[in-house]
Amino acid sequence: MKGHYKVDPWKIIEEGFEPLHQEASESLFSIGNGRFGQRANFEENYSGSTLQGSYIGGIYYPDKTLVGWWKNGYPEYFAKVLNAPNWIGISIEVDGEEIDLAQNKVIEFERILDMRNGVLQRNFIVEINNGNQIQVNSTRFCSLTSDSIGAIRYNIKPLNFSGNFNVSPYIDADVKNEDSNYNEKFWDVTQSEIKPHFGFIKSTTKKSAFVVNTGMMCNILLDGLQLEIEPETVKKEAYIANKFDFYGTEGSEISVLKFATYTTSFNHDQKDLNYETEEVLKSAVSKGFTNLLEEHQKAWQALWQFGDIKIEGDDAAQQAIRFNIFHLHQTYTGKDERLNIGPKGFTGEKYGGSTYWDTEAYCLQFYLSTAGEKVAENLLQYRHNQLDKAIENATKLGFKNGAALYPMVTINGEECHNEWEITFEEIHRNGAIAFAIYNYTNYTGKTAYRDGNGIEILLAISRFWAQRVNWSTAKEKYVLLGVTGPNEYENNVNNNWYTNYLACWTLRYTAEVLNDLKKTNPNRISKLVEEHNLNFDSETTFWKRIIDNIYYPVDDKTGVLLQQEGFLDKELVPISELNTSERPINQHWSWDRILRSAYIKQGDVIQGLYFFEHEFSKEEIKRNFDFYEQFTVHESSLSPCIHSILACSIGSIERAYEHYLATARLDLDDYNKEVHEGLHITSMAGTWKSIVEGFGGMRYKNDCLSFNPTLPKQWSALTFNVLYRGQQIKFNCSSSLITITNMGSEKVNISLLNEMFVLQPSKSQKKEL
Ligand code: BGC
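Summary of the structure given here. (Residues numbered from 1 in each chain as written. Predicted model: local features only at pLDDT ≥ 70, side-chain atom pairs only at ≥ 80, totals over all residues. Heavy atoms only, no water.)

Some remarks on the overall build of the protein chain
Part 1 of the argument: Each helix and strand counted, the protein chain has 19 helices and 31 strands in total.
Part 2 of the argument: Across its three principal axes, the protein chain shows a C-alpha extent of roughly 85 × 60 × 55 Å.
Part 3 of the argument: In the protein chain, of all internal contacts separated by at least 6 residues, the share reaching a separation of at least 24 is 68%.
Part 4 of the argument: Carbon and sulfur atoms make up 46% of the accessible area of the protein chain, which totals about 28,400 Å².
Part 5 of the argument: The distance from the centre of the 76 positive side-chain charges to the centre of the 101 negative ones in the protein chain is 5 Å. (Helix = DSSP H or I, 4+ residues; strand = E, 2+ residues; numbered from the N terminus. Contact = heavy atoms within 4.5 Å. Areas by Shrake-Rupley, 256 points an atom, 1.4 Å probe, with all protein chains shown as cover. Lys, Arg positive; Asp, Glu negative; His and termini not counted. Charge placed at Lys NZ, Arg CZ, Asp CG, Glu CD.)

Structure follows, in structure tokens:
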């Protein structure tokens, strides 16, 4: 796979058609606009192997959980973002023969994802059986400016013949999720309408009752002029089409324009859907393809103007970071606080499009620094909106007094994971949600969210930790038993260092916030007493007892923080001694063998040292990093980025660079051999962090934004922007000079290589490295 796509700073380019890579390319070349997204499936029919995938944010189906033996506490369902009706289809027959790249001889083929402009293009020439050659150039985008609209311009040219063409733009609502547990269809078609140039299908999701109108308006131009024929209308059970029959002469340019929309009950009153469908399409058509495209491209260019990262001297690294940033922006725009970021975004079905701890632990910082405080606050608010459900979830499990356990996997606040033994026990996700509140407050310097909705979350999570620990008389310590840490290659372990640390940190932070409020805003405390039954003294005193007496597993000989009790009893064979043919181990080993091994799926202790770096010495971080890195197989996409950042902070730049490439090019080079299932969207935010926090060395503490950069030797310069305290801060660094510029209108506190400055608006501060 490595090398299949050309390296280019702004584009992903595939040259030559390789059916074996088709599903991988469908993932890699996906496009979206935060509201909906589309895999890079072909417009024309394709009989080869493919994962047809269109996904709409927020539209899900509760697929009944599939388990061998039901146990109390299993979630009833796994929520799945639905594979939605296909809006891109255009089938083409020439003299009775279909264009189908799996059947035709492909003479030329090129697929391009233009990331600067948010456009997917395809250019190809095929030969159909009798030697007739047809050239196709297609351009497609999901509009950023009219976010219920997708548009396609599909140009066809008969190169060496004239013949009868039959071109049918269509909507196909006969879709299924590949990952359906019981092989069911999740949609019912409830209405459809087709007339010349316009049609829609109304589909309703089973159980969750979302209604989606998938509509289209289409038109054909022949050599730039409207084709003056009335298309035949076709209507089948879950299919509508306009069928245009005409004669195309050699060298003529046939241009199919198709505008499509998803108009949904998520955004509109159900009774208005048909009207809205027609209106939104009419408005797109009257704007015209070119104007709509131009508007869309401008919106992308504006995003890049602020959010781009420039790496000079290393095209592969440059392409990769833009690829990551591009997909993050097309997955989540922050316009709607009901939406979140699924691990695969709109590029595949795995993980159901649901929300994981990935959002708080990985994504929040990216959106906070590149899209602004409001967008990040929407992500925090998403969890506050679901607080009641998190309390309900904990209550079902026997917790009391408003304790909350946020779900590991959710779409509407209810827990809906489908893997009890591992996922359920990852109670550490509760801590990441608390940490995100701290992180946001620390970065923005604003306490309003923390003191308002934030403290309600913190209190509920702290209550959970306080009830989840138990006193061990044997150890004379508080312990946390039966958990899974971030390393999912362990199950039901006792005293996972990361979870214990995070739990105590949450208790500490919540107590700090409450103490602060007691001094600054006693009314808020009274409200918490009244509305949340806060018993300030007894609760905070108990938390302090836990903090002072929690058990942390540590190896006394080496001082290594132990991932969990008993970790050192494992056979400690480093991965360097593991045969590469056995990797990834999750595709070669039995689950039993994985669980017994010392191999680590993703940073666990390392994740904790990343969050709480400021509470540990460099020496402690290095000791643990060196110890755990040798057992870490990075079979979660979330792993290499954190390693890259920590490797930078302990001065191991070469290792940091290796990890950077592994995170940034994870999908482009398909390191984990699974890109056909979709992209790793949430870890892309980790890639961004590995540049900004890793090589850029950005940190924020005590109202000061600091930079301690080190560039890998492959890079001659690095430039990026961050939004900090409402100001745009530009970072530029070469191998010998670092320059920070305040492009905003208010001063900010900056630290450069550990020296503090007040940086006035429009001023730069330079330092030699
Ligand atoms: C990781 C989890 C993560 C999930 C979704 C799993 O492979 O181990 O930490 O939350 O993927 O990205």
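A few points about the pairing of strand β10 (residues 119-128)
Residues in a regular strand point their side chains to alternate faces of the sheet.
Part 1 of the argument: The element β10 is largely enclosed, with a buried count of 8 among its 10 residues.
Part 2 of the argument: The pairing of strand β9 (residues 105-114) with β10 spans 9 bridges and is antiparallel. Bridge assignment links R111 to a residue of β10, and that residue is R122.
Part 3 of the argument: Between β9 and β10, which follow one another and run antiparallel, lie 4 residues, and G118 among them has a positive phi close to 65 degrees. (Buried < 20%, exposed > 50% of the residue type's maximum accessible area, 1.4 Å probe, protein only. Pairing = 2+ DSSP bridges.)

Points about the side chain of R468
Part 1 of the argument: Mapped onto the secondary structure, R468 falls in helix α10 (residues 448-468).
Part 2 of the argument: Despite its burial, R468 remains without a salt bridge, the nearest opposite charge being carried by E425 at 6.5 Å.
Part 3 of the argument: The residues touching R468, leaving out its near neighbours within four places in the chain, are F399, I427, V479, L480, L481, G482 and V483. (Salt bridge = Lys/Arg side-chain N within 4 Å of Asp/Glu carboxyl O.)

Considering the nonpolar core
Part 1 of the argument: Judged by nonpolar contacts, the single largest core of 227 residues is most densely connected at I156, I309, Y660, L705, W715 and L718.
Part 2 of the argument: Looking at this core element by element, the count peaks at 13 residues for helix α11 (residues 497-520).
Part 3 of the argument: By size, the runner-up hydrophobic cluster in this structure holds 14 residues, among which are F141, I149, F198 and L281. (Core = buried A, V, L, I, M, F, W, Y, C linked by side-chain atoms within 4.5 Å.)

Quick look at the pattern of salt bridges
Part 1 of the argument: Applying the stated criterion across every chain, the model contains 44 salt bridges.
Part 2 of the argument: D336 serves as the salt-bridge partner of R338, at 2.8 Å between the closest nitrogen and oxygen.
Part 3 of the argument: Overall, R338 belongs to the partly exposed group, its relative accessible area being 41%.
Part 4 of the argument: Taken together, the shared-partner salt bridges connect R35, D147, K335, D336 and R338 into one network.

Some points on the site of the ligand
Part 1 of the argument: In the neighbourhood of the ligand, the contacting residues comprise P343, Y351, Y356, W357, D358, E488, K601, Q602, S636 and L638.
Part 2 of the argument: Computed on the free molecule, the ligand has an accessible area of 310 Å², of which 94% lies beneath the protein chains in the complex.
Part 3 of the argument: Per-class residue counts for the shell around the ligand are 5 nonpolar, 2 polar and 3 charged. (Near = heavy atom within 4 Å. Nonpolar A, V, L, I, M, F, W, Y, C, P; charged D, E, K, R; others polar.)

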